[in-house]
Amino acid sequence: MFKLFDRSYDLALKAFVQWGIFVGVMAGCVELARNRGMLDYIYEVDSTKLSIVIFVIFVWKTLSCGACFYQASDMTAERVKKISEKVSSGWLWSDLVVSIGMVGTVLGFIVMLSSFENVDFSNTQNIQQMITKLSYGMSTALTTTLVGLISSVLLKIQYHKLEEVVMQHEKRLQL
C-alpha cells in the first residue's frame, strides 16, 4: 500500500537514480570529448565508420537498461522474467560491440597492408602516400578497438547493476 516504505521499491529507485547519475557522467564525458574535438577526430580517422554503429548500439542498450531500471520499481514475477531476459540480451550486446570493434581493427589492418601494393620505393612521393595510408589504417584499427572496448565496459557496468536488482527481486519473490 505504501510503496515508499517497501524495501524493494527503495532499492529499485536507488538503482534507477544511480543509473541516471552514471548516464549523466557519461554524457558529460561525451560532451567534453566533443568540445576537445575528439569525436570529430574519431569520425575522420575511422574509415569503416563502425565507431558510429558501436555508439548507436551503446545508446540504444543504455536507454533500454534505463527503462528496465525504471520498471524495476514495480516488479511482478512476470516482469522479473522479462527484465532477466533483457539482462541476458544486454550482456550479448556488450560482447557484440567489442566484436564489432575488432572487425574494425581487422579492416584497419587490411587498409594498412593494402598500402604496400604497387609501391615504388625509388619515388619519395609514392612512399609518402604509403606512409599516409599506413597511418590511416592504423588509426582506424585503434579507434574502432578503443570505442568498442569502452562501450563494452560501460554497458557491462550497467547490466551488472541491473542483474543485481533482478536477483534481489527474485529473492524477494522467491523465484
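Procedures and definitions
- Residues numbered from 1 in each chain as written.
- Predicted model: local features only at pLDDT ≥ 70, side-chain atom pairs only at ≥ 80, totals over all residues.
- Heavy atoms only, no water.
- Phe/Tyr/Trp six-rings, centres within 6.5 Å; stacked < 30°, edge-to-face > 60°.
- Helix = DSSP H or I, 4+ residues; strand = E, 2+ residues; numbered from the N terminus.
- Buried < 20%, exposed > 50% of the residue type's maximum accessible area, 1.4 Å probe, protein only.
- 1 Å grid on protein atoms, 1.4 Å probe; cavity = no way out; pocket = protein on both sides within 12 Å on 5 of 7 lines; lining within 4 Å.
- Points joined across faces, edges and corners; volume = space filled by probe spheres on them.
- Nonpolar A, V, L, I, M, F, W, Y, C, P; charged D, E, K, R; others polar.
- Expected span 1.5 Å × (residues − 1).
- Core = buried A, V, L, I, M, F, W, Y, C linked by side-chain atoms within 4.5 Å.
- Contact = heavy atoms within 4.5 Å.

(A) Looking closely at the packing of aromatic side chains. With the rule as written, the count across this model stands at three aromatic pairs. Geometrically, the ring pair formed by F16 and W19 is stacked, given 5.9 Å between the ring centres and 20° between the ring planes. One end of the pair is F16 and the other is W19, both in helix α1 (residues 7–35) and three residues apart, which spans about a single turn. By relative accessible area, F16 is classed as partly exposed at 27%. Aromatic pair W60 and W93: ring centres 4.9 Å apart, planes at 80°, arrangement edge-to-face. You can see W60 sitting in helix α3 (residues 50–71) and its partner W93 sitting in helix α4 (residues 77–114), a full 33 residues away along the chain. Taken together, the ring pairs connect F16, W19 and Y70 into an aromatic cluster.

(B) Structural context of the layout of surface pockets. What the largest pocket holds in volume is close to 660 Å³. What lines the largest pocket is a set of 20 residues, and nearest its centre among them are V30, L39, I42, F55 and V147. The dominant element in the lining of the largest pocket, judged by the number of residues it contributes, is helix α5 (residues 124–173), at seven residues. Of the residues that constitute the lining of the largest pocket, the class distribution is 17 nonpolar, three polar and no charged.

(C) Highlighting unusual backbone geometry. Although it is not a glycine, K49 adopts a positive phi angle of roughly 60°. Structurally, K49 can be placed in the loop between α2 (38–45) and α3.

(D) Here's a closer look at α3. Counted at 1.5 Å a residue, the expected span for α3 with its 22 residues is 32 Å, and the 32 Å between its end C-alpha atoms agrees. Looking at α3, one finds that the buried residues are L50, S51, I54, I57, F58, K61, T62, S64, C65, G66, C68 and F69.

(E) Layout of the nonpolar core. Judged by nonpolar contacts, the single largest core of 24 residues is most densely connected at C65, F69, M75, I83, L162 and V166. Broken down by secondary-structure element, the contributors of at least two residues to this core are α1, α3, α4 and α5. When sequence neighbours within four positions are dropped, the list of residues in contact with V166 reads M75, V80, I83, S84 and V87.

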